[in-house]
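Remarks on the overall topology
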Amino acid sequence: MASENGVRYGEKVKKKMEAVILTAPGKLEVGEVETPVPGLGEVLVRVESTTICGTDIEIIRGTHVPRWPPRFPAILGHEWAGRIVAMGPHTGGFGLEMGDHVAGTSHAGCGACRMCLTGRYNLCLNYGAAITGHRQYGHITQGSYAEYVVNNIRALHRMPKGMPFDVGSCVDPAGCGLWTAKRAGIHPGDTVVVLGSGPIGAFAFESARALGAGRLIVVGGGKRLEILAEQGAETVSYREGRVPEKIAEMTGGRRAQVVLETAGTTDSFKWSVDCAGKGARVAITGIPENIPDLAWKRVVLEEMDVYGVRANPNCGDEVIALIQAGRIRVEPYITHRFPLRKYQEAYDVFVARKDGALLVNLTPGA
Ligand SMILES: [Zn+2]
Ligand SMILES: [Zn+2]
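This text gives an overview of the structure that appears in the document. (Residues numbered from 1 in each chain as written. Chains lettered and ligands numbered in written order. Predicted model: local features only at pLDDT ≥ 70, side-chain atom pairs only at ≥ 80, totals over all residues. Heavy atoms only, no water.)

With that out of the way, let us pick up the side chain of Arg-224. Within the secondary structure, Arg-224 is located in helix H6 (residues 222–230). Glu-79 provides the closest opposite charge to the buried, unpaired Arg-224, separated from it by 10 Å. Of note is the side chain of Arg-224, whose polar atom sits 2.9 Å from the backbone oxygen of Ala-357. Among all residues touching Arg-224, those that are not within four sequence positions of it are Ser-197, Gly-198, Pro-199, Phe-350, Arg-353, Gly-356, Ala-357 and Leu-358. (Helix = DSSP H or I, 4+ residues; strand = E, 2+ residues; numbered from the N terminus. Buried < 20%, exposed > 50% of the residue type's maximum accessible area, 1.4 Å probe, protein only. Lys, Arg positive; Asp, Glu negative; His and termini not counted. Salt bridge = Lys/Arg side-chain N within 4 Å of Asp/Glu carboxyl O. Polar contact = N/O pair within 3.5 Å; in protein donor to acceptor, adjacent residues only side chain to side chain. Contact = heavy atoms within 4.5 Å.)

Structure below.
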């Protein structure tokens, strides 16, 4: 095993790697860049599979510049799985070994601030301060749209060797669904309304079911909603209108005990409270461009709890265990596969939701 500057290599690693490079808002190129070298507490992972996230599309379009990415060129991608091929200094003894299969998540907190120390590293007080060790992969730090990625071991989750990489590449979005359900708190038998039939909606549905929800109603549209129906969801098409009224009718006027908002549209943001019943818990992870006023009077008089949800802290290992146990399903939602170099085609399919595109999977170096 070769060792260079304190980095141990488990196999020969190419000097240059294939990557999808964002050179300016809306401008993507498939090209070659230098393979990165892991630093303190970091490992190099061969990316075997990566999945497109709705947030990537917004970042590519330039909606969040200069927050994400802070500069160009940038390499996005934060939903992925791969194999550890090199280990930097101070990575031993944490339970990860050379060759391990790992799934990535985007946030690596500084590990030392109050939010990190209380387990809320997704809210790290040193966000963006690279000197403290804080990273957000695929947002402000190089992501997984490449053959290799460097990650702090804090952001990695060990996968069982038998778990397929394309399933592992969904640990991040599945974790977002799980965190949304956990923030709201699902009690056994609860009637849960999930707003949105995209990837996070699908995983919020799976997670709520795994946590013991009774009735599960998903509000969405098109082929994506049909896929959710095939997986056992009761469905309401937002395209037919009267969404809150329909939820009220379906629940004998009581509405939902829990609402999970994942669609991020102005309407669904508003419906998050409109579909909620007395004493309901509402968790919101989507942010629309135009934020509507909510029915605050009902929130107060009906004692609702409203929770903001950001990413998926501490959910990676839990999601892997739930997938392994068959209680969160991933495969039915993987609708498309492409080699990474065909990113533009994959992007178009995802954006147009062609054939109900939900999880669009990419293989680097294929
Ligand atoms: Zn994502
Ligand atoms: Zn921190």
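Back to the text.
With that settled, the discussion passes to the pairing of strand E7 (residues 101–104). Residues in a regular strand project their side chains so that they alternate between the two faces of the sheet. Across the two faces of E7 the burial is the same, with His-101 and Ala-103 and Val-102 and Gly-104 all buried. With 4 bridges connecting them, strand E6 (residues 80–87) and E7 associate as antiparallel partners. Residue Trp-80 lies in a different strand from E7, and its bridge partner there is Gly-104. Bridge analysis of E7 against strand E11 (residues 156–158) gives 3 bridges, and the strand direction is antiparallel. If you follow Val-102 over to E11, its bridge partner there is Arg-158. (Pairing = 2+ DSSP bridges.)

Below, the discussion takes up unusual backbone geometry. Keep in mind that most residues, glycine aside, have a negative phi and that most peptide bonds are trans. For the peptide bond that leads from Val-65 to Pro-66, omega is 0 degrees, which places it in the cis range. Locating Pro-66 in the fold gives a position in the loop between helix H1 (54–61) and E6. Backbone torsion omega between Trp-68 and Pro-69 reads -15 degrees, so that peptide bond is classified as cis. Here Pro-69 is to be found in the loop between H1 and E6. The phi dihedral of Asp-355 is positive, around 50 degrees, even though this residue is not glycine. As for its placement among the helices and strands, Asp-355 is situated in the loop between helix H11 (343–352) and strand E19 (359–363).

Another aspect to go through is the environment of Gly-214. Relative to the helices and strands, Gly-214 resides in the loop between helix H5 (199–210) and strand E13 (216–220). C-alpha separation for the pair Gly-214 and His-134, spaced 80 residues apart in sequence, amounts to 39 Å. Residue contacts for Gly-214: discarding those within four places in its chain leaves Gly-189 and Asp-190.

If you look at the biggest cluster of nonpolar residues, it comprises 43 residues, and the most contacted ones within it are Val-192, Phe-203, Phe-205, Leu-260, Ile-323, Val-330 and Tyr-333. For this core, the elements supplying multiple residues, two or more each, are helix H4 (171–184), strand E12 (192–195), H5, E13, H6, strand E15 (256–261) and helix H10 (316–324). Leaving out residues up to four positions away in the same chain, Phe-205 has contacts with Val-194, Leu-216, Val-218, Leu-228, Gln-231, Gly-232, Ala-233, Arg-329 and Tyr-333. Of all hydrophobic cores here, the second largest spans 33 residues; its members include Leu-22, Ile-57, Ile-75 and Phe-338. (Core = buried A, V, L, I, M, F, W, Y, C linked by side-chain atoms within 4.5 Å.)

At a closest axis distance of 7 Å, the pairing of H4 and H5 adopts a crossing angle of 55 degrees. When the axis of H4 is compared with that of H5, the two are oblique. Taken as a pair, H4 and H5 cross one another with a handedness that is right-handed. Along its contact with H4, which presents Pro-173, Ala-174, Cys-176, Gly-177, Leu-178 and Ala-181, the element H5 presents Ile-200, Phe-203, Ala-204, Ser-207 and Ala-208. Class assignment for the residues of the contact of H4 with H5 results in 9 nonpolar, 2 polar and no charged. (Axes fitted to C-alpha atoms, helices over the stretch in contact; angles between N-to-C directions. Parallel < 35°, antiparallel > 145°, perpendicular 65-115°, else oblique. Left-handed = near helix turned anticlockwise from the far one by under 90°. Nonpolar A, V, L, I, M, F, W, Y, C, P; charged D, E, K, R; others polar.)

Here we take up the coordination of the zinc ion (ligand 2). Each pair of donors in an ideal octahedron of six around a metal sits at 90 or 180 degrees, and each pair in an ideal tetrahedron of four sits at 109.5 degrees. Ligation of the zinc ion (ligand 2) by protein atoms is provided by Cys-110 (SG), Cys-113 (SG), Cys-116 (SG) and Cys-124 (SG), these donors lying 2.3 to 2.5 Å from the ion. In the primary sequence, the donor residues of the zinc ion (ligand 2) line up as C-x2-C-x2-C-x7-C. With relative accessibility at 9%, the residue Cys-110 sits in the buried group. Cys-116 gets classed as buried once you look at its relative accessible area, which sits at 12%. (Donors = N, O, S within 2.8 Å, 3.2 Å for Na, K, Ca; no water.)

On to the packing of H4 against H10, then. It is at 9 Å that the axes of H4 and H10 come closest, and there the two elements cross at 100 degrees. When the axes of H4 and H10 are compared, the pair comes out roughly perpendicular. Of the residues in H10, those in contact with Val-171, Ala-174, Gly-175, Leu-178 and Lys-182 of H4 are Gly-316, Glu-318, Val-319, Ile-320, Leu-322 and Ile-323. Split by residue class, the contact of H4 with H10 holds 7 nonpolar, 2 polar and 2 charged.

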